[in-house]
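Each chain is listed here by its residues.
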Amino acid sequence: MHATEEITPVSAVQVGLGGWGTDWALRVLPSAPGVRLVGWADPDPDARAAFAAAAGVPRVHCGLADALADVDAEAVFVTADPAAHGELARAALTAGKHVLLDRPFTPDLAEAADLVKLAEDVGKALLVAQPQRYTAASSQVRHLLAQEVVGRARHVAVAFRRNRRTPGSVLWRVSVDHFDLLRAFFGEASAVTARAWPRGQSRDGGLASFSAEIEFASGVIAQYSASTTSPAPATRWTGDWAVEGDDGVLHWSGSEPGRGVRPLHPRGRRGHRGPGRRAARARPLGRGGAVRPVGAGGRRVRDQRARQPGHHRAGGRRGDQHGHGERVALA
Ligand SMILES: NC(=O)c1ccc[n+]([C@@H]2O[C@H](COP(=O)([O-])OP(=O)(O)OC[C@H]3O[C@@H](n4cnc5c(N)ncnc54)[C@H](O)[C@@H]3O)[C@@H](O)[C@H]2O)c1
């Protein structure tokens, strides 16, 4: 589409006006010419009052049905709690509206399948907004993997760590984005094994730490871990990724393309010649660098060897994880 072409915006009602709903309404949607909000709804009176004051809108409805009865909208944008996504999407589709949901789609797989069928039956669009799938960095990773810059992908390790005791389950708050990326890169999963770790809970008693092994139909194996109560150095929100292929390993961390995406190849193997290629040779760990205890918040745990004259830090680089700790590139 040419920049000069006029876009007729889709009129939409937004339901769910908590933290992220408000962020969408005030910060994201004003710069999206394809959508025009014409109504808002939330059952919580405090959320309604706070939103009305922040957004300066004259009326916020108690529920989706009230809003749809009052305004003329072609679509519904769902930014409510995930537990309400299914019911809201069903009501919107049944009323003949297109639906966009903030992720996750719904916590129930059978409900998700029913909604997809309902959308097909009524001929309306049903989409899930995935915040990480379309960033420049994840697009670059997808492109490099499609080009097999490290050969055929065989194994991927993904680790996400924070120490914030954020509310809610880490699975629904964070990991859904990583699982969406895994599907974008490697296709559909054929088997999943997962378990929670006995390490703390979120602020409101939700799941804080778990790991999973996922097998993809393509044969790729993923080992995934996520924790919001980790004493280890924090990762970026993307998590730290290492995709091992037949010819090397692709490291990825952070949402900026370029520096955060690094294909590395063992010495002697041919590297990729396209964008994103970097030092196509193995980098050995520095002397004594293979074991580096790091305390909570990135504090280095006292290491007597580090005090010895002539002892050097491992051959990594600083500052890749919000300035906490260090990373070491392995190939
Ligand atoms: N895009 C991102 O990067 C991102 C990040 C975190 C969360 N999210 C998603 O944003 C959504 C909202 O999360 P949040 O942190 O703002 O939650 P929140 O708890 O702050 O707000 C949820 C709001 O939904 C309202 N609600 C509940 N049931 C409703 C219903 N039936 N109809 C209308 N409103 C209803 C609640 O009253 C509340 O005001 C979730 O889907 C979450 O997964 C997106």
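Look up a bit, the structure's there.
Reading the values: the criteria
- Residues numbered from 1 in each chain as written.
- Predicted model: local features only at pLDDT ≥ 70, side-chain atom pairs only at ≥ 80, totals over all residues.
- Pairing = 2+ DSSP bridges.
- Helix = DSSP H or I, 4+ residues; strand = E, 2+ residues; numbered from the N terminus.
- Axes fitted to C-alpha atoms, helices over the stretch in contact; angles between N-to-C directions.
- Near = placed C-beta within 6 Å.
- Nonpolar A, V, L, I, M, F, W, Y, C, P; charged D, E, K, R; others polar.
- Core = buried A, V, L, I, M, F, W, Y, C linked by C-beta atoms within 7 Å.
- Buried ≥ 20, exposed ≤ 12 C-beta atoms within 10 Å, placed from the backbone.

(A) A look at the sheet that holds strand S2 (residues 35–41). Spatial strand order, S2-S1-S3-S4-S5: five strands in an open sheet with parallel pairing. Lying at the two open borders of the sheet, with one neighbouring strand each, are S2 and strand S5 (126–129). On average, each strand axis in the sheet is inclined to that of its neighbour by 25°, with strand direction left out of account. Two strands pair when backbone bridges link them, and strand S1 (residues 10–15) and strand S3 (residues 75–78) are joined in this way by four bridges, in the parallel orientation. Bridge pairing in S3 places Ala12 opposite Ala75.

(B) Region of interest: the site of the ligand. The immediate surroundings of the ligand are formed by 24 residues, with Gly16, Gly18, Trp20, Asp44 and Ala80 found nearest. Looking at the shell around the ligand, the elements that each hand over two or more residues are helix H1 (19–28) and helix H4 (82–94). Of the residues assigned to the shell around the ligand, the class counts are 13 nonpolar, six polar and five charged.

(C) Layout of the nonpolar core. Within the largest apolar cluster, 33 residues are counted, with the highest numbers of intra-cluster contacts made by Val141, Leu145, Val156, Leu182, Ala222, Val243 and Leu250. For this core, the leading source of residues is helix H7 (residues 170–186), giving eight residues. Core analysis: the next-biggest nonpolar cluster, separate from the first, contains 31 residues, Val60, Val76, Leu88 and Ala89 among them.

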